[in-house]
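Examining the three-dimensional arrangement
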Amino acid sequence: MTVYARPHVRRIIEKLQDPTSRRILAVTGPRQTGKTTIARQVRSALTAGGHQCWYVPLDDPTPPDSYSKEGSTGPDAVPMEAVPDRQWLTELWESARREALRGEKDLILVLDEIQSVAGWSRTVKGLWDRDQRFQCPLRVVIVGSAPWQLLTGLSESLAGRHYPIPVTHWSYQEMTAAFGLTLEQYIFFGGYPGAMTSGPDGHSDWQNYVGGSIIEPAMNRDIIGLTRIDSPEMLRQLIRLTPQYSGRIMSLNKLRGRLSGSHSAITRYLNLIGDAGLVAALDRYTPSPHTGKASAPKLIALNTALITVESGYMFEQAQADRSYWGRLVESTAGAHLYNTRQRGTELKFWRKNPHEVDFVLVRGPQLLGIEVKSGKPSGHSGLSAFAERFGHAKTAVVGNGGIPLREFLSHNADYWLDQT
């Protein structure tokens, strides 16, 4: 059986084998996007090539075979703890450092679920700085089940010490290659690989997986567990509410009425939900960025499974409801743009009554307005008004009457910004 490997595996190996790149590799992103699998595939490839690689799952640091290919190095040198702390992490690192100095090749230390160690970033910063002073041949990969902002907070950025390897939700191409999903199945079931163990026919298993392995841990461990939350109940309500408004421009006043929270609290929690890879709040595009941020945001679920899991719809029922299916198609396109855009490329929307453009890609002076059509082809007055207002902007229609959705999902966001 062929095991699917995401492109991140090759990218990490190339970085580890590059003698000019000595920074810590930080593999981070939302839960259940395959980061642990990526780390294990990296270890397998490196050990097969003769490299020594210690893989340490910090949420369960006891398996005797996790440190090396033979399982003979590591556990005797570092006492195991039920909950590893900063002292335990320091002892492990120093043990790896000694082993690296004895070996002929660099030793690679992979620390999975790094957020399990409270205050880890300050410890890692000090240990890495010492390694650089003494030119220790130890290479380090840290893996965290949350985006970088949540893992490090505001106190320790590790700026200049790490190289980011962001892992986002699985694309349509990846889910098709790994699990054989059709386009329609991807639109409904989304891009969580672990949810596909029973195949797309196992609806209840998929539903339980998304709720229990993604939404709850993201809420309790990645947000509440990693940052200060004054109103956990309001956050929980917001996490369950916002996916149902995916594809809609949502007034903060309306959210405030549903949640009984302040504008500032709702805005902060929306940002945290976006950081956790659940739902993004898109700003309205204006030439003056501060003006757009003052407007009602457009919500986009970053994985359509977050929408459908609580909807009550079965797959066939969702397809039969053309209005609902249209919202899923738009959310699929928006999530794809958000998840695949490169650093420096922003995703927004545009609205000037009575006209609206679903999505706007912005990179420097480049603009691309995108309309998503799932029903019968119709006029594109919004795109026309957008092009008239911003003469240098490019426009595109995705779906009926334009770029086929299948083709659109086969390229990243910046491809369309460059090619359209």
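This one's a predicted model, so the numbers in the text were calculated from it and none came from an experiment. (Residues numbered from 1 in each chain as written. Predicted model: local features only at pLDDT ≥ 70, side-chain atom pairs only at ≥ 80, totals over all residues. Heavy atoms only, no water.)

**A closer look at the nonpolar core**
The criterion, for reference: Remark: nonpolar core denotes a set of buried residues (Ala, Val, Leu, Ile, Met, Phe, Trp, Tyr, Cys) joined through side-chain atoms within 4.5 Å. Buried residues are those whose accessible area, probed at 1.4 Å on protein chains only, stays under 20% of the maximum for their type, while exposed residues exceed 50% and partly exposed ones sit between those limits. Here a strand is any run of E in DSSP of at least two residues, a helix any run of H or I of at least four, and the numbering for each starts at the N terminus. Contact definition: two residues touch when any of their heavy atoms are within 4.5 Å.
Grouped together as the largest cluster of nonpolar side chains are 73 residues, with contacts concentrated most on Trp 206, Val 210, Ile 370 and Phe 408. When residues in this core are grouped by element, the largest group, eight residues, is from helix H8 (residues 203-223). In this view, Ile 370 contacts Leu 337, Val 357, Asp 358, Phe 359, Leu 361, Leu 383, Ala 396, Val 398 and Phe 408; residues no more than four positions away in its chain are not counted. With 27 residues, the next largest nonpolar core counts Trp 93, Val 124, Val 140 and Leu 151 among its residues.

**Observations concerning helix H3 (residues 86-102)**
We apply this condition: Expected span of a helix: the number of residues minus one, times 1.5 Å. Pairing of N or O atoms within 3.5 Å defines a polar contact, subject to two protein rules: one partner must be a possible hydrogen donor and the other a possible acceptor, and residues neighboring in sequence count only if both atoms are side-chain atoms.
Taking 1.5 Å of rise per residue, the 17 residues of H3 would be expected to cover 24 Å, and the 25 Å separating its terminal C-alpha atoms lies within 8% of that figure. Of all the positions in H3, only Trp 88, Leu 89, Thr 90, Leu 92, Trp 93, Ser 95, Ala 96, Arg 97, Glu 99 and Ala 100 are classed as buried. Its buried side turned inward, H3 meets strand S2 (52-57), strand S3 (107-112), helix H4 (120-133) and strand S4 (138-144). Between a side-chain oxygen at the N-terminus of H3 and the backbone nitrogen of Gln 87 the separation is 3.2 Å; the capping residue is Asp 85.

**Remarks on the sheet that holds strand S9 (residues 355-363)**
In plain terms, the rule: Paired strands, in this sense, are two strands between which DSSP finds at least two bridges. With axes taken as lines fitted to C-alpha atoms, and helix axes fitted only over the stretch in contact, angles between N-to-C directions fall between 0 and 180 degrees.
Judged by pairing direction, the sheet is mixed, and its four strands sit side by side in the order S8-S9-S10-S11 without closing on themselves. Each edge of the sheet is formed by a strand with only one pairing partner; in this case those strands are strand S8 (346-352) and strand S11 (394-399). Going from strand to strand, the sheet's axes swing by 30° on average, the running direction of each strand aside. Docked against the sheet, helix H15 (residues 322-340) engages S8, S9 and strand S10 (366-373), running at close to 15° with respect to S9. Docked against the sheet, helix H16 (residues 381-389) engages S8, S9, S10 and S11, running at close to 50° with respect to S9.

**What about the packing of aromatic side chains?**
Heads up, the rule is: Between rings of Phe, Tyr and Trp, where Trp is taken as its six-membered ring, a pair exists when centres lie within 6.5 Å; planes separated by under 30 degrees are stacked, by over 60 edge-to-face, and by other angles tilted. For a Lys NZ or an Arg CZ to count as sitting over a ring, it must be within 6 Å of the ring centre and within 35 degrees of the ring normal.
Applying the stated criterion across every chain yields a total of 16 aromatic pairs. Summarising the aromatic geometry, the rings of Phe 386 and Phe 390 are spaced 5.1 Å apart at their centres and angled 55° between planes, so their arrangement reads as tilted. A relative accessible area of 5% places Phe 390 in the buried class. Following the ring pairs from residue to residue traces out a cluster consisting of Phe 188, Phe 189, Trp 206, Phe 315 and Trp 325. Over the ring of Tyr 163 we find Lys 15; its NZ or CZ atom is 4.1 Å from the centre of that ring. Here Lys 298 stacks its cationic end above the ring of Phe 359, 4.7 Å away from the centre of that ring.

**What to know about the packing of helix H10 (residues 252-259) against helix H11 (residues 263-275)**
Rules: If an angle is under 35 degrees, it is roughly parallel; if it is over 145, roughly antiparallel; if it lies from 65 to 115, roughly perpendicular; otherwise it is oblique. By the convention adopted, Pro, Cys, Tyr, Trp, Phe, Met, Ile, Leu, Val and Ala count as nonpolar, Lys, Arg, Asp and Glu as charged, and the other residues, Gly among them, as polar.
Viewed as axis vectors pointing N to C, H10 and H11 meet at an angle of 100°, and their least axial separation amounts to 10 Å. As summarised for this structure, H10 and H11 are arranged roughly perpendicular, according to the angle between their axes. Packed against H10, whose contacting residues are Leu 252, Asn 253, Leu 255 and Arg 256, the element H11 presents His 263, Ile 266, Thr 267 and Leu 270 at the interface. Classifying every residue of the contact of H10 with H11 by side-chain character gives four nonpolar, three polar and one charged.

**Some remarks on H8**
Every α-helix winds through 3.6 residues per turn, so residues three or four apart in the chain are directed the same way. The line we're drawing: The bend at a residue is defined as the angle formed between two axes, one fitted to the seven residues ending at that residue and one fitted to the seven starting there.
In the structure, H8 departs most strongly from a straight axis at Pro 217, where the bend amounts to approximately 40°. Where H8 is concerned, the buried positions are His 203, Trp 206, Tyr 209, Val 210, Ile 214, Ile 215, Pro 217, Ala 218, Met 219, Asp 222 and Ile 223.

**What to know about the sheet that holds strand S1 (residues 24-28)**
Pairing is parallel across the open sheet formed by five strands, whose spatial order is S2-S3-S4-S1-S5. The strands lining the two open edges of the sheet, one partner per strand, are S2 and strand S5 (162-166). With direction set aside, neighbouring strand axes in the sheet form an average angle of 20°. In this structure, S1 lies alongside S5, joined through five bridges in parallel fashion. Considered in S5, the bridge of Ala 26 is made with Pro 164. In the packing of helix H2 (residues 35-48) onto the sheet, the strands contacted are S1, S2, S3 and S4, and the crossing angle to S2 comes to about 160°. The strands touched by H3 are S2, S3 and S4; relative to S3, the strand with the most contacts, the crossing angle is about 160°.

**What to know about the packing of helix H9 (residues 232-241) against H11**
The description of two helices packed together rests on the angle between their axes and the distance between the axes. For clarity, the cut-off: Helix crossings fall into two classes, left-handed where the near helix is turned counterclockwise from the far one by less than a right angle and right-handed where it is turned clockwise.
Packing of H9 against H11 leaves a shortest axis separation of 10 Å and a crossing angle of 60°. If you check the angle between H9 and H11, you find them oblique. Like other packed secondary-structure pairs, H9 and H11 cross with a definite hand, here right-handed. Residues Met 234, Leu 235, Leu 238 and Ile 239 of H9 form the contact with H11, whose own contacting residues are Ala 265, Ile 266, Tyr 269, Leu 270 and Ile 273. In terms of residue class, the contact of H9 with H11 is built from nine nonpolar, no polar and no charged.

**Things to note about the environment of Tyr 269**
Its place among the elements puts Tyr 269 in helix H11. A relative accessible area of 3% places Tyr 269 in the buried class. Along the backbone, Tyr 269 and Ile 223 are 46 residues apart, and their C-alpha atoms lie at a distance of 9.2 Å. Discounting chain neighbours no more than four positions away, the residues touching Tyr 269 are Ile 229, Asp 230, Ser 231, Met 234, Leu 235 and Leu 238.

**Looking at the environment of Leu 255**
Here Leu 255 shows up in helix H10. Once the C-alpha coordinates of Leu 255 and Leu 241 are considered, the two residues, 14 residues apart in sequence, prove to be 9.1 Å apart. Contact partners of Leu 255, with chain neighbours within four places excluded, come to Leu 238, Leu 241, Met 250, Ile 266 and Leu 270.

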